[in-house]
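Given next are the chains, with one letter for each unit.
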Amino acid sequence: MIANTDIAKAMEIHLGTLFDELPSMPEFTPGIRRAPARHFNLSQKDTELALKNALRYIPERWHAQLAPEFLEELLSCGRIYGYRFRPPGHIKGRPIDDYKGNCIEGRAFQVMIDNNLDFDVALYPYELVTYGETGQVCQNWMQYRLISRYLEVLTREQTLVMASGHPVGLFASSPEAPRVIITNALMVGCFDDQENWHRATALGVANYGQMTAGGWMYIGPQGIVHGTYSTILNAGRAKLGIPTDQDLAGRLFVTSGLGGMSGAQGKAVVIANGVGIIAEVDYSRIQTRLAQGWIDQVTESPAETFAAAREYQCNRQGWAIAFYGNVVDLLEYAVHHDVKIDLLSDQTSCHAVYEGGYCPQGISFEQRTELLRSGHAGFKEMVDATLRHHYELIKALSNRGTYFFDYGNSFLKAVYDAGIKDICKNGENPLDGFIFQSYVEDIMGPVLFDYGYGPFRWVCLSGRDEDLSKTDRAAMECIDPERRFQDRDNYNWIRDALKNRLVVGTRARILYQDALGRMKIALKFNEMVRTGEIGPVMLGRDHHDTGGTDSPFRETANIRDGSNIMADMATHCFAGNAARGMSLVALHNGGGVGIGKAINGGFGLVLDGSERVDAIIRRAIPWDVMGGVARRAWARNQPSIETCIQYNELRKGLDHITLPYVADERLIGDLVEEAFAKHK
Ligand SMILES: NC(=O)c1ccc[n+]([C@@H]2O[C@H](COP(=O)([O-])OP(=O)(O)OC[C@H]3O[C@@H](n4cnc5c(N)ncnc54)[C@H](O)[C@@H]3O)[C@@H](O)[C@H]2O)c1
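Residues numbered from 1 in each chain as written. Predicted model: local features only at pLDDT ≥ 70, side-chain atom pairs only at ≥ 80, totals over all residues. Heavy atoms only, no water.

Caption draft 1: How the structure looks around the nonpolar core. If you look at the biggest cluster of nonpolar residues, it comprises 140 residues, and the most contacted ones within it are Ile-58, Phe-70, Phe-85, Trp-216, Trp-458, Phe-525 and Leu-539. Those residues within four positions of Phe-70 in sequence are excluded, and the remaining contacts are Leu-51, Ala-54, Leu-55, Ile-58, Ile-80, Gly-82, Phe-85 and Met-142. Counting 48 residues, the second largest nonpolar core, distinct from the first, contains Leu-252, Trp-319, Leu-393 and Phe-411. (Core = buried A, V, L, I, M, F, W, Y, C linked by side-chain atoms within 4.5 Å. Buried < 20%, exposed > 50% of the residue type's maximum accessible area, 1.4 Å probe, protein only. Contact = heavy atoms within 4.5 Å.)

Caption draft 2: Structural detail: the pairing of strand E6 (residues 252-256). Burial analysis of E6 places five of its five residues in the buried class, the great majority of the element. Side chains Leu-252, Val-254 and Ser-256 of E6 all project onto a buried face; the interleaved residues Phe-253 and Thr-255 project onto the opposite face, where all are buried too. As judged from the five bridges shared by E6 and strand E7 (residues 275-280), these two strands associate in the parallel manner. When the sheet's bridge partners are listed, Thr-255 is paired in E7 with Ile-278. Once you follow E6 into helix H9 (residues 264-271) and on to E7, the crossover reads as right-handed. Sheet topology places E6 next to strand E10 (residues 343-344); two bridges connect them, and they run parallel. The partner of Val-254 across the bridge, within E10, is Leu-344. (Helix = DSSP H or I, 4+ residues; strand = E, 2+ residues; numbered from the N terminus. Pairing = 2+ DSSP bridges. Right-handed = clockwise from strand over helix to strand, strands pointing away.)

Caption draft 3: Quick look at the environment of Leu-258. In this fold, Leu-258 is placed in the loop between E6 and H9. When its relative accessible area of 1% is taken as the criterion, Leu-258 is described as buried. With 23 residues separating them along the chain, Leu-258 and Val-281 place their C-alpha atoms 8.9 Å apart. For Leu-258, the residues in contact, after removing those within four places along its chain, are Gly-263, Ile-278, Glu-280, Arg-285, Ile-286, Arg-289, Ile-295 and Ala-322.

Caption draft 4: Geometry of the state of the cysteines. Evaluated as defined, the whole model comprises zero disulfides. Cys-350 forms no disulfide, and the closest cysteine sulfur to it belongs to Cys-359, at a distance of 12 Å. (Disulfide = S-S within 2.5 Å.)

Caption draft 5: Structural view of a negative patch on the surface. Together, Asp-664, Glu-665, Asp-670, Glu-673 and Glu-674 make up a negatively charged patch on the protein surface. By secondary structure assignment, the location of Asp-670 is in helix H23 (residues 665-679). (Patch = residues over 30% accessible without salt bridge, like charges linked within 9 Å, V, L, I, M, F, W, Y side chains within 5 Å. Areas by Shrake-Rupley, 256 points an atom, 1.4 Å probe, with all protein chains shown as cover. Salt bridge = Lys/Arg side-chain N within 4 Å of Asp/Glu carboxyl O. Lys, Arg positive; Asp, Glu negative; His and termini not counted. Charge placed at Lys NZ, Arg CZ, Asp CG, Glu CD.)

Caption draft 6: Local environment of the environment of Gly-362. One can find Gly-362 in the loop between E10 and helix H13 (365-374). Judged by its relative accessible area of 70%, Gly-362 is exposed. Counting along the chain gives 40 residues from Gly-362 to Ala-322, while the straight-line C-alpha distance between them is 19 Å.

Caption draft 7: Expanded view of the sheet that holds strand E8 (residues 297-299). On the basis of which strands lie adjacent, the open sheet formed by six strands has the order E8-E9-E7-E6-E10-E11 and parallel pairing. Two strands in the sheet have a free side with no partner beyond their single neighbour: E8 and strand E11 (403-404). Running over the sheet, helix H12 (residues 327-336) touches E6, E7, strand E9 (319-324) and E10 and is turned about 145° from E6. (Axes fitted to C-alpha atoms, helices over the stretch in contact; angles between N-to-C directions.)

This is the structure we're talking about:
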């Protein structure tokens, strides 16, 4: 066997070159949320494997000391995080000039990663979880140290390859290639399930990147505020008959979750001028949102909660109330007391219901955490029973006129998994969808994604407030508010963005735009970097978008040609973005809805003011969006066909999209009916 001394000699970058001595165990700052212990159920053999896997990062001289320490972490936390290697204190996304590096991209990614791990931004910063209960930047602190170092030495002639948080290494490429290629939790089909994923993460070979956590593009809950605002506003227009030039004044939106992403709900409903009640079982998360000003009031009894909401509805004033308690208790009260709820949703972490994402009724958040630690036996049944009851309450409210929508957290699928077949349209399985619509089927899909409108975002890497204000103004000037009502909404959004105090962490902004709108804004920003008006900018998007994600229960829920079970689009988007020179490309399993239920991808593009980047913007940004619109058009979605017809005209000689001929419903219906009748 090759000696570890020879292995050490063969590497310039490893923990042995980064540390002369083993770093001491960091102090855990009191009050910082910690991840619940993940259920440990590895066999003895697998436990050995997990330890050997983690020790691959560790020089041999520290094995005897770290093996028992890692074993203790594995037994008590269910994972090996390597806490000892975490940099002490508060990690923050600092201005780019504070970082070392051989290329601007390497420094920019360090800003992004550190922002994802900021105490103010991340859900469980010590466990590298950015949001969504389990969405990690990478699996452990050894990986974090190595990634940071690789990014410091990365040059324009190399690409860093990342496999589920593990830095595979630097490989020669070219300035036109991505500087980083990331994949997370891409499991082989027959093993692509919860059980195998749980084992793989415990073994230290799989990372759940969610969407933007593992792709290093998370920008705090602001990232989702614009989408949530658009969703509830357009739900009001479509389901409550509110005209397109009016807001949600006097209307009540009830939901749950004030965590990483769900924490945006209070802010979004107030921007839409409605009244929101958001149930949350973890008081610490309520405190976070209260301190940020994203929640206006905290209540502890359902009666008090609905009374407060009524007052603000009558005054037609936007207001966000956090109900400290279980959402099911809140809905029970609403059903028994005939409270009128206009819009209803849920944003608990149902993509991971049995791992702590959904708190059963009748127990506190702390009791739930203890049950998770001590084992799953009764816990699963408690979760399932609550989900079934939750469903009955939603049905009762919906029968009275409430509009309920699944908000992309796999809630309907979780109810089905809890044993409710009635929730399926065909009464059997989810193949034909559920009786309640997901927000993408009803709202985001037809109103936004089908046209290419999606969550474009940017980070001013200088860390300067004035850069953000300048980019806000420049983006606003690129939008024609008279084109469509969606453009008017986006224009208003960016006009008021500063006033709405959306920034948590780095100076970042989200703005829904379509393909050519994104390209126009990106070119404008790059020009501003070139002239020195602003510092460098990182562009990206949420994976929750038109083109980058195949997710039948969410992003592609309004694809109805049977191809919603395919993941070609996300894969093409990823490969196409790499081919066109995006600075970073990412492809993940499961984000948002859970392992095996989606493939999602995203990108990062560093604007350095160069003409090289202008060229990348022109070829990559339209592709990133229009691949998705083309797929939606091929599924016969009318707004997408309309968008592609215009696009083919506008981009003659550059792009060309295949369009579907649409068959006459009656022709097909009659023909097939006749054939089936004969066949019988
Ligand atoms: N719609 C979208 O665009 C979108 C975007 C991102 C994430 N998501 C999905 O939304 C879900 C939430 O994401 P997140 O980042 O906020 O996760 P999170 O885990 O940080 O927050 C969920 C919150 O729900 C609370 N909760 C759990 N059970 C509860 C109950 N019964 N009653 C009241 N509160 C309860 C938890 O305490 C937690 O604070 C995830 O499934 C995620 O994948 C949706």
